[in-house]
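Residue-level structural notes
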2 protein chains.
Amino acid sequence: MHMEFGPDDTIDHEGPLTPYRQLAAIIRARLERGDWPTGRPIASETQLTQEYGLARTTVRRSIKLLVDEGVLFVVPHRGTYPVDSTQWDREN
Amino acid sequence: MHMEFGPDDTIDHEGPLTPYRQLAAIIRARLERGDWPTGRPIASETQLTQEYGLARTTVRRSIKLLVDEGVLFVVPHRGTYPVDSTQWDREN
DNA sequence: ATTAATTTGTTCGTATGTATC
DNA sequence: TGATACATACGAACAAATTAA
């Protein structure tokens, strides 16, 4: 029997990993899984808030982590988008 | 009837064993007894402090002992957790 | 042009637990 | 023992820009 190692789809509030890091791992996994195609926003902060039962402040911390990693970029009042590694031109 | 030989659940301040070693033995016993499942924090330092009538410093000394033994690991701002011997992957 | 809904930005306050002195 | 700092999480409120009806 082999258990897959990877982020679950629920947050463990008791575990050693902080919730915002867990969510970051989940988002990373969902990006790689192809849940959110390039050029389109990922789920909004509010949606993630509801989906994973977290405070928005916590969700934003996760997003900031991934932005700093270069995985996501945020467009104010528009949405949060996956960084397209194959697209190195972002003038517009 | 058989009485188990092992650490009591109270601290003997007069005996030959130092309190922090007694507490370490107690925690070891409680871990083996299954009081604190893997993935969940054991009692906080404050709780242990109150529960066994010890100073915070003493409790921390016990925990450090068990951390050095590889029995526990401490996650800053989250808690102290039992080491899961069956889980040798802790990158994420 | 107006309005309402959506989305990110910002800032409080409260709580818990550890780190350090 | 006590005091202070730090990291994290939750909740709530409001601002500001965007978008769609």
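Conventions we followed
Residues numbered from 1 in each chain as written. Chains lettered and ligands numbered in written order. Predicted model: local features only at pLDDT ≥ 70, side-chain atom pairs only at ≥ 80, totals over all residues. Heavy atoms only, no water. Axes fitted to C-alpha atoms, helices over the stretch in contact; angles between N-to-C directions. Helix = DSSP H or I, 4+ residues; strand = E, 2+ residues; numbered from the N terminus. Parallel < 35°, antiparallel > 145°, perpendicular 65-115°, else oblique. Left-handed = near helix turned anticlockwise from the far one by under 90°. Contact = heavy atoms within 4.5 Å. Nonpolar A, V, L, I, M, F, W, Y, C, P; charged D, E, K, R; others polar. Phe/Tyr/Trp six-rings, centres within 6.5 Å; stacked < 30°, edge-to-face > 60°. Lys NZ or Arg CZ within 6 Å of the ring centre and 35° of its normal. Near = heavy atom within 4 Å. Polar contact = N/O pair within 3.5 Å; in protein donor to acceptor, adjacent residues only side chain to side chain. Salt bridge = Lys/Arg side-chain N within 4 Å of Asp/Glu carboxyl O. Buried < 20%, exposed > 50% of the residue type's maximum accessible area, 1.4 Å probe, protein only.

Quick look at the packing of helix α1 (residues 19-33) of chain A against helix α3 (residues 56-68) of chain A
All names here are of chain A. Interhelical geometry of α1 versus α3 gives an angle of 55° and a closest axis separation of 8 Å. Regarding the angle of α1 to α3, the classification is oblique. Seen from above, α1 lies across α3 with right-handed handedness. Contact residues: α1 offers P19, Y20, R21, L23, A24, I27 and R28, while α3 offers T58, V59, R61, S62, L65 and L66. Here the contact of α1 with α3 is built from residues that sort into eight nonpolar, two polar and three charged.

Things to note about the packing of aromatic side chains
All names here are of chain A. The final tally for this structure, using the stated rule, is two aromatic pairs over all chains. Between F73 and Y81 the ring centres are 5.7 Å apart and the planes differ by 20°, which places this aromatic pair in the stacked class. Here the guanidinium or amino end of R61 rests over the ring plane of Y20, the centre of that ring lying 5.6 Å away.

What to know about the protein's contact with DNA strand C
Surrounding DNA strand C, one finds 18 residues, the nearest of these being E45, R56 and R60 of chain A together with R60 and H77 of chain B. Protein-proximal atoms of DNA strand C, defined as those within 4 Å of the protein, fall in sugar or phosphate at a share of 57%. Between DNA strand C and R56 of chain A there is a distance of 2.4 Å, counted from a base oxygen to a side-chain nitrogen or oxygen. A distance of 3.0 Å separates a phosphate oxygen of DNA strand C from a polar atom in the side chain of R60 of chain B. Breaking the surface near DNA strand C down by element, the ones donating at least two residues are α2 (45-52), α3 and β2 (79-82) of chain A together with α3 (56-68) of chain B. A breakdown of the residues in the surface near DNA strand C according to their chemical character gives three nonpolar, nine polar and six charged.

Re the pattern of salt bridges
All names here are of chain A. For the coordinates displayed, the defined rule picks out 14 salt bridges over all chains. The closest approach of N and O atoms between E69 and R28, which form a salt bridge, is 3.2 Å. Of this pair, E69 sits in the loop between α3 and β1 (72-75) while R28 sits in helix α1; the two residues are 41 residues apart in sequence, bridging distant segments of the chain. Among the residues examined, E69 registers a relative accessible area of 43% and is labelled partly exposed. Classification of R28 by relative accessible area gives partly exposed; the value is 23%. A network of salt bridges, in which partner residues are shared, links R30, R33, D35 and E51.

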